[in-house]
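Observations on the three-dimensional arrangement
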Amino acid sequence: MTMLTRRTVLGALGACGLTPLMPRLALASAPTDRRFVLVILRGGMDGLAAVAPVGDPAYSSVRGPLALDAGTGARLDGTFVLNPALGALAPLNASGEMAVVHATGLAFKSRSHFDAQNVLEAGGLRARQHDDGWLNRALAAFPSTGEAKGLAVAPTVPLVLMGAEPVTSWAPSVIPAADDDFLMRVARLYEADPALEAALASAMGIRDTAGAGAMGGEGQTRARNQGLKPFATGLGNLLASESGPRIAVTELGGFDSHARQGTTSGPLANTFAQLADGLIALKASLGPVWDRTVVLVATEFGRTVKPNGSLGTDHGTASAAFVLGGRIAGGRVYGDWPGLGGGALFEGRDLVATSDVVGLFKGVLEAHLGVSKRHIDGAVFPESIGVAPFLAPFTV
Amino acid sequence: MGALTAPLAAHRFGLGARPGELGRYGASPRAALLADIDRPAPLHPIFEALPSTAEVLALRPKKKAEDLPEKDQVKFVVVGAALHQAESAARLIQAITTPTPFHERLVHHWSNHFTVSVTNRRVMGLAGPFEREAIRPGVTGSFGDLLLASTRHPAMLVYLDNALSFGPSSTVGKRRKLGLNENLAREILELHTLGVDGGYAQADVIGLAKIITGWTVPPGEDGFSFVRFAHEPGEKTLLGKRYGEGESAGVQALADLAAHPATARYVSARFARAFVPAPPQASIDRLTERFRSTGGDLRALARAAVEDDALWTEDRRHLRTPWEFMVAVLRGLGDGAVRPLAAYVEAAGKLVTNGGDLKALRGVAGDAKHGRALMESLKVMGQTPFSAPSPKGWPDDDAAWTGPDAILERLEWSYSFAHNVPIRFSPLELGQGLLGGALSQSTRLAIEQAASPAQGLALLFSSPEFQRR
């Protein structure tokens, strides 16, 4: 199926330093005034690090050096604290504008990034069961106006928004820059090639000296350490517009914390901070529309409970998802906590998923966006008819 | 002995596999490569939009630059620069789409052998037509014919200053006290024919320079012209042979250089190096013998390379140049880059027809912007078409491309490009399809364990087996 993608920029993008063009998205004959943003966290986010179950008796022994102290971070309830690196979100939790859904995961158990991300975005019970994304299929429920129905704020349209329904994409003038995780993986490949290995080693040395944030050509900055914020600000501006899109997707990587992930500081904490800053920026740029917006933050799987030999974690099963918005039933941690002790772990290593994250997706479609059950079961998630829509966070 | 493999055929002799291309080589990669040069595909239609040598020369101001009002000087600079952008992007389209890549590789090789470069600004706009008209038709003909076509082409005459060379005793030379410019003669001997160790002396450089005085592109002309008033009268000597006056003496001199045994050695060695670094002497000797015994038949030379087992070795592999790397990446993804590049060609073309500011090219939007981004990346990686740093052309030894800066620029481009491509396929399957058995276990693992599809794709392009050919 061909899919329309065009770069569309609205007049409200001054903050991102782009030349505004005439708005090209249709005036709202959209069926809903409400907005939905899906934020995909790529790499398998460690839910136990983001929202730590310090109240679980097994937690500190089983997490060992990766355990947070009980007094660290904002307390979300009797069991859970929010990692201080996500501390920018604590006020949102306090005001009921954020909720956590813990111990949630895909029905399809896979520890492969590719396969799991595919199922997270395409739906289905196994990888590549669908060619298109579940959110694109959901867009079919909205009437066609000849204009794009969904917006990808990313360099390219993610699978979740790919399909027959027209979508558009926009990305700020930021070139995704090769990060340290990527270069380290390349370095491993170059162990077999002395000339390339030497050149890369030299380059890394120079790079470290030059510091973060090298300039590319034409005033475009390399995206080092900018994370989600540039995307989130533009996204909010676009969604806030009356004639803008209603449904948007963006993404953040850097969660594949296999080594030395740290607890309240370190590479994972840095990525958490980028996520939190991005979400705060999104709320700010949405302005009054925030009250009509739901943001879902989800990842393809969580990570092992016990640290591995490099003080990181390997691919796991259940993780945490976040729900944010101006009018949600927030300020709590949803989910059926399975525990970390005794025989509670999946295959002896992972947090068990006590809910299917598809339920959360169904919940936002039905309760927030008004998509019919018939359409959800018939077209969007046909293989997950048995999964009940999780409506609680959206029922204010 | 080398193993004939489809991946080597596609990547070393071809320009990098397109999806499905490995299957074409199958059990007889040699035959497929030879079919490329026996039946080369026609040029991509984009080239119909681009001007011929005569048309470019017709755009030149009739007067000398210094005699023109400044706005006309600027206009011609803009036209030249815009044409250069258009030709470069069109060349990339051709490389991406050609179904007969071995033939295209030959075009690139001989174009580099007879380098013309826009580092001399007067070459702007002429380099593309040079490759198209002087080089491309001759890559499977005789070396002598190619040498003659190259030497007579306005781009070469301008690039190496023969248009500024006058016989000291010629009419113009005497009247205006102008003399020889040795540049083209020297490079013909050093870089095109005998090679620096080919056994010529300074007197031979001067002799050849005198012989080709008058070979020029006069202002207002739309092609080569032999200008008698600039030609050095009398007899000249080159490598111990005497040559008379006139244009045909120059044609004869070039034919004699083409037939010189040192030329066979130098040209064949350079040709062998197009495929592997430091080729074994035995291979060079075989190619030299084929060149010599066929009178410089370039199709025979190409066949000899394809038939030489040692050139199929996996022990020596060139690092892909930035151009080769980008071409291989874009070929590997099919035709996706063609429309953006064509839009950029179109935008540059508008500038040529309608005039305007070069800023307009920098500010293109939509598809053209993506096309421009690809060309910018080539520039950042250090290899825009037709802009070799010296008449020697782009270096054929890898050391030039393995500096830390250069490697980092490739990795940065791999990464950002992979994050800008809609990935509806499995990067691992793509890797298997493009590299076949050449995909290493460690790269396979790295792609499988990548944190995202985009990272996996970037790792595929960055892998040693994709970086080399």
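Overview of the structure. Numbers given to residues run from 1 along each chain, matching the order in which its sequence is written. All chains are assigned letters beginning with A, and all ligands numbers beginning with 1, in the order in which they are written. The model is predicted, so local features are restricted to residues of pLDDT at least 70 and side-chain atom pairs to those at 80 or more, both for listing and for counting; the totals for chains, interfaces and linings are taken over all residues. Just so you know, side-chain values use all the structure's heavy atoms and leave hydrogens and water out.

The number of helices and strands found in chain B is 25 helices and 4 strands. What you see for chain B is a C-alpha radius of gyration of 23 Å, in line with the 23 Å of a compact globule of 469 residues. The buried label applies to any residue whose accessible area, calculated with a 1.4 Å probe on protein chains only, is under 20% of its type's maximum; exposed applies above 50%, and partly exposed to all values in between. Considering chain B as a whole, with its 469 residues, one finds that 59% of them fall into the buried category. Contacts are assigned to residue pairs with any non-hydrogen atoms lying within 4.5 Å of each other. Taking as baseline every contact in chain B between residues at least 6 positions apart, the subset at least 24 positions apart corresponds to 73%. Accessible surface area values rest on a Shrake-Rupley calculation with a 1.4 Å probe, where residue burial reflects the displayed protein chains alone. When the accessible surface of chain B is totalled, it reaches about 17800 Å², and 53% of it is carbon and sulfur. Charged side chains of chain B number 53 positive and 50 negative; the gap between the two group centres comes to 3 Å. Numbering of helices and strands runs from the N terminus; a helix is a DSSP stretch of H or I covering at least four residues, while a strand is a stretch of E covering at least two. Every radius of gyration here is taken over C-alpha atoms, with the globule rule written as 2.2 Å times N^0.38, N being the number of residues. Charged residues are defined narrowly, with Lys and Arg counted positive, Asp and Glu counted negative, and His plus the chain ends left uncounted. Where a charge lies is defined by one atom per residue type, namely NZ (Lys), CZ (Arg), CG (Asp) and CD (Glu).

Our focus in this paragraph is the overall build of chain A. Looking only at helices and strands, one finds 11 helices and 14 strands in chain A. Across the 396 residues in chain A, those meeting the buried criterion constitute 56%. A total of about 14600 Å² of accessible surface is found on chain A, and carbon and sulfur atoms cover 54% of it.

Another aspect to go through is the interface of chain B and chain A. Counting from both sides, the interface comprises 39 residues of chain B and, opposite them, 36 residues of chain A. By buried area we mean the combined loss of accessible area, with a 1.4 Å probe, across both parts when two parts are placed together. Taken together, both faces of the contact between chain B and chain A bury some 3300 Å²; the carbon and sulfur share is 63%. Area buried by chain B at its contact with chain A is led by Glu412, Tyr415 and Arg424 of chain B, which between them contribute 18% of it. Here Asp193 of chain A makes a salt bridge to Arg468 of chain B, at a shortest N to O gap of 2.6 Å. Polar contacts, as counted here, are pairs of nitrogen or oxygen atoms within 3.5 Å of one another; within protein the pair requires one atom able to donate a hydrogen and one able to accept it, and residues that are adjacent in sequence qualify only if both atoms are side-chain atoms. Across the contact surface, chain B and chain A share 8 residue pairs in polar contact (both at pLDDT 80 or more). Where the side of chain B that touches chain A is concerned, the elements lending two or more residues are helix 20 (366-381), helix 21 (404-418), helix 23 (441-448), helix 24 (453-462) and helix 25 (464-467) of chain B. Top contributing element to the side of chain B that touches chain A by residue count: helix 21 of chain B, with 8 residues. Of the residues belonging to the side of chain B that touches chain A, the class tally is 18 nonpolar, 15 polar and 6 charged. Salt bridge, as used here: a side-chain nitrogen of Lys or Arg that lies within 4 Å of a carboxyl oxygen of Asp or Glu. Throughout, the ten residues Ala, Val, Leu, Ile, Met, Phe, Trp, Tyr, Cys and Pro are labelled nonpolar, Asp, Glu, Lys and Arg are labelled charged, and all others, Gly among them, are labelled polar.

This next bit is on the pattern of salt bridges. Counted by the stated rule, this structure contains 45 salt bridges over all chains. A salt bridge links Arg42 of chain A to Glu121 of chain A; the nearest nitrogen and oxygen atoms lie 2.9 Å apart. A residue pair is termed long-range when its members are at least 10 positions apart, and Arg42 of chain A in the loop between strand 1 (35-41) and helix 1 (47-50) and Glu121 of chain A in helix 4 (residues 113-122) qualify at 79 residues. Take Arg42 of chain A and Glu121 of chain A: they sit in the same class, and that class is buried. A salt bridge links Glu104 of chain B to Arg136 of chain B; the nearest nitrogen and oxygen atoms lie 2.7 Å apart. Remark: Arg136 of chain B occurs in the loop between helix 7 (127-135) and helix 8 (143-152) and Glu104 of chain B occurs in helix 6 (residues 101-113); sequence separation between them is 32 residues. Assigned by exposure class, Glu104 of chain B and Arg136 of chain B land together as buried.

Residues and elements named next belong to chain B. Relative orientation of the contacting elements helix 17 (residues 322-332) and helix 21 amounts to 20 degrees, with a least axis distance of 12 Å. Compared by their axis directions, helix 17 and helix 21 come out roughly parallel. Considering the relative orientation of helix 17 and helix 21, their crossing is right-handed. On the side of helix 17, the interface is formed by Pro322, Phe325, Met326, Val329 and Leu330, while helix 21 contributes Arg410, Trp413, Ser414 and Phe417. Class assignment of the residues belonging to the contact of helix 17 with helix 21 gives a composition of 7 nonpolar, 1 polar and 1 charged. Here an axis means a line fitted to C-alpha atoms, over the contact stretch when the element is a helix, while the angle between two N-to-C directions is reported on a 0 to 180 degree scale. When describing relative orientation, an angle under 35 degrees is termed roughly parallel and one over 145 degrees roughly antiparallel, while 65 to 115 degrees is termed roughly perpendicular and anything else oblique. Helix crossings fall into two classes, left-handed where the near helix is turned counterclockwise from the far one by less than a right angle and right-handed where it is turned clockwise.

A separate point is the sheet that holds strand 3 (residues 74-75) of chain A. In a beta sheet, neighbouring strands pair by backbone hydrogen bonds and run either parallel or antiparallel. Residue and element names in this part refer to chain A. In spatial order, the strands read 2-4-3; together these 3 strands make up an open sheet with antiparallel pairing. Only two strands of the sheet have a single neighbouring strand rather than two, namely strand 2 (51-52) and strand 3. Sheet analysis places strand 3 next to strand 4 (residues 81-82), joined by 2 bridges and oriented antiparallel. Bridge pairing links Arg75 to Val81 in strand 4. Strand pairing follows a simple DSSP-based rule, namely that at least 2 bridges must link the two strands.

Moving on: the pairing of strand 5 (residues 98-105) of chain A. Along any regular strand the residues' side chains alternate between the sheet's two faces. Residues and elements named next belong to chain A. Buried residues dominate strand 5, accounting for 8 of its 8 residues. Where strand 5 meets strand 13 (residues 333-334), 2 bridges bridge the pair, whose relative direction is parallel. Residue Val101 lies in a different strand from strand 13, and its bridge partner there is Tyr334. As paired elements, strand 5 and strand 14 (residues 355-356) share 2 bridges and run parallel to each other. Across the sheet, Gly105 pairs through a bridge with Asp356, a residue of strand 14.

This next bit is on the pairing of strand 7 (residues 167-170) of chain A. Residues and elements named next belong to chain A. Burial along strand 7 is two-sided: Val167 and Ser169 and Thr168 and Trp170, pointing in opposite directions, are all buried. Pairing of strand 6 (residues 150-153) with strand 7, which is carried by 4 bridges, proceeds in the parallel orientation. From the neighbouring strand, Leu151 faces strand 7, where its bridge partner is Thr168.

Multiply 1.5 Å by the residue count of a helix minus one, and that product is the helix's expected span. End to end, helix 13 (residues 247-259) of chain B covers 19 Å across 13 residues, agreeing with the expected 18 Å (1.5 Å per residue, within 8%). The complete set of buried residues in helix 13 of chain B reads Ala249, Gly250, Ala253, Leu254, Leu257 and Ala258 of chain B.

With that out of the way, let us pick up the environment of Asp291 of chain A. Residues and elements named next belong to chain A. Its location among the elements puts Asp291 in the loop between helix 9 (267-286) and strand 11 (293-299). Expressed as a C-alpha distance, the spacing of Asp291 and Pro230, which sit 61 residues apart in the sequence, is 22 Å. Asp291 has contacts with Gly326 and Arg327, leaving out every residue within four places of it along the chain.

With that out of the way, let us pick up helix 6 (residues 180-189) of chain A. Every buried residue of helix 6 of chain A is accounted for by Phe182, Leu183, Arg185, Val186 and Leu189 of chain A. Viewed along the axis of helix 6 of chain A, the buried residues span an arc of 160 degrees, placing them on a single side of the element. Picture the helix axis, draw a direction to every C-beta atom, and the arc is the one those directions span.

Attention now goes to unusual backbone geometry. The phi angle of most residues is negative, glycine excepted, and most peptide bonds adopt the trans form. All names here are of chain A. The backbone of Arg128 sits at a positive phi, close to 60 degrees, despite the residue not being glycine. Topologically, Arg128 is positioned in the loop between helix 4 and helix 5 (134-139). One non-glycine residue, Arg260, adopts positive backbone phi at about 45 degrees. The topology assignment puts Arg260 in the loop between strand 10 (247-252) and helix 9. You can call Arg260 exposed: its relative accessible area is 58%.

As a further point, take the environment of Val297 of chain A. All names here are of chain A. Assignment of secondary structure puts Val297 in strand 11. The class for Val297 is buried, based on a relative accessible area of 1%. Along the primary structure Val297 and Leu324 are separated by 27 residues, whereas in three dimensions their C-alpha atoms are 8.3 Å apart. Apart from residues no more than four positions distant in its own chain, Val297 is found in contact with Val39, Leu41, Leu275, Leu279, Ala321, Phe322 and Leu324.

Don't take any of this as a statement about function, it's just geometry.
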